[in-house]
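Summary of the model geometry
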Amino acid sequence: EDKVVQSPLSLVVHEGDTVTLNCSYEVTNFRSLLWYKQEKKAPTFLFMLTSSGIEKKSGRLSSILDKKELFSILNITATQTGDSAVYLCAVANNNQGGKLIFGQGTELSVKP
Amino acid sequence: DAGVIQSPRHEVTEMGQEVTLRCKPISGHDYLFWYRQTMMRGLELLIYFNNNVPIDDSGMPEDRFSAKMPNASFSTLKIQPSEPRDSAVYFCASRGTEIGQETQYFGPGTRLLVL
């Protein structure tokens, strides 16, 4: 059965800290891995990764995929209170029209 | 584009009543997904459509749940009869088919409370 596991499930840091969120997966016929940020509303798209070793970067956020070891990390540097959210990792497979399988999410809380 | 539109944004109803949730996908997107999110179970895919045709409804919890997509710009998720355990946030998402359009974009969600 396809599954996505995120760790840690929750994390509390102080402003300015750097955090690394982890996502491991077991998916038949992998297509892509996506990261979403969810505050108290709908998930919003951050990154889509399809190739190993190529870092995607957006401001203080970056992500990389390792298709051999079946995991991805999301890094946030110089965290701010506005980064507080649940970060969701999802994997799409080719078998089912790119249906997304979501992990449980990592709840990040950034304290001032 | 206005993004994915869902209505209503909030719904409070009594057990046994019929509930209908509505979704308008992003224009040009040919995949539409219905999700349910709860604290206990996280984000779960209920059903998805491609070109208005249901492709996978294995996530639909019971026969009380049904979904339709009569045309490319409208879908409904119906719960009849509703039960308190159906209380959740229901999201609709859509995406395109072309390379680079694989990201799913979520609507604002409908927060459902069944008393």
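Everything below is about the structure printed above this text.
Quick summary incoming for the structure in this document.

This part takes up the nonpolar core. By size, the foremost hydrophobic cluster in this structure holds 23 residues, and its most contacted members are Val4, Tyr25, Leu33, Trp35, Tyr87, Val91 and Leu108 of chain A. Those elements giving two or more residues to this core turn out to be strand S3 (19-26), strand S4 (30-38), strand S5 (44-49), strand S7 (61-66), strand S8 (71-76), strand S9 (85-93) and strand S11 (106-111) of chain A. Look past the residues within four positions of leucine 33 of chain A in its chain and what remains in contact with it is Cys23, Tyr25, Phe47, Met48, Leu49, Leu65, Ser72, Cys89, Ala90 and Val91 of chain A. Judged by nonpolar contacts, the second largest core, of 21 residues, contains Val19, Leu32, Leu46 and Cys92 of chain B.

The next thing to look at is the packing of aromatic side chains. Summed over all chains, the structure comprises 13 aromatic pairs over all chains. Considering the side-chain rings of phenylalanine 45 of chain A and tyrosine 105 of chain B, the 6.5 Å spacing of their centres and the 55 degrees angle between planes classify their relative orientation as tilted. With phenylalanine 45 of chain A in strand S5 and tyrosine 105 of chain B in strand S10 (residues 105-106), this pair bridges two chains. Phenylalanine 45 of chain A sits in the partly exposed class, given a relative accessible area of 30%. Ring geometry for phenylalanine 33 of chain B against tyrosine 35 of chain B: centres 6.3 Å apart, planes inclined by 25 degrees, an arrangement best described as stacked. Taken individually, phenylalanine 33 of chain B and tyrosine 35 of chain B each receive the classification buried, so the pair is uniform in this respect. Put simply, the rings of Tyr36, Phe45 and Phe102 of chain A together with Tyr31, Phe33, Tyr35, Tyr48, Phe91, Tyr105 and Phe106 of chain B touch in pairs and so form one group of aromatic residues. Lying over the aromatic face of tyrosine 31 of chain B, arginine 95 of chain B brings its terminal NZ or CZ to 4.0 Å of the ring centre.

Rules used throughout
- Residues numbered from 1 in each chain as written.
- Chains lettered and ligands numbered in written order.
- Predicted model: local features only at pLDDT ≥ 70, side-chain atom pairs only at ≥ 80, totals over all residues.
- Heavy atoms only, no water.
- Core = buried A, V, L, I, M, F, W, Y, C linked by side-chain atoms within 4.5 Å.
- Buried < 20%, exposed > 50% of the residue type's maximum accessible area, 1.4 Å probe, protein only.
- Helix = DSSP H or I, 4+ residues; strand = E, 2+ residues; numbered from the N terminus.
- Contact = heavy atoms within 4.5 Å.
- Phe/Tyr/Trp six-rings, centres within 6.5 Å; stacked < 30°, edge-to-face > 60°.
- Lys NZ or Arg CZ within 6 Å of the ring centre and 35° of its normal.

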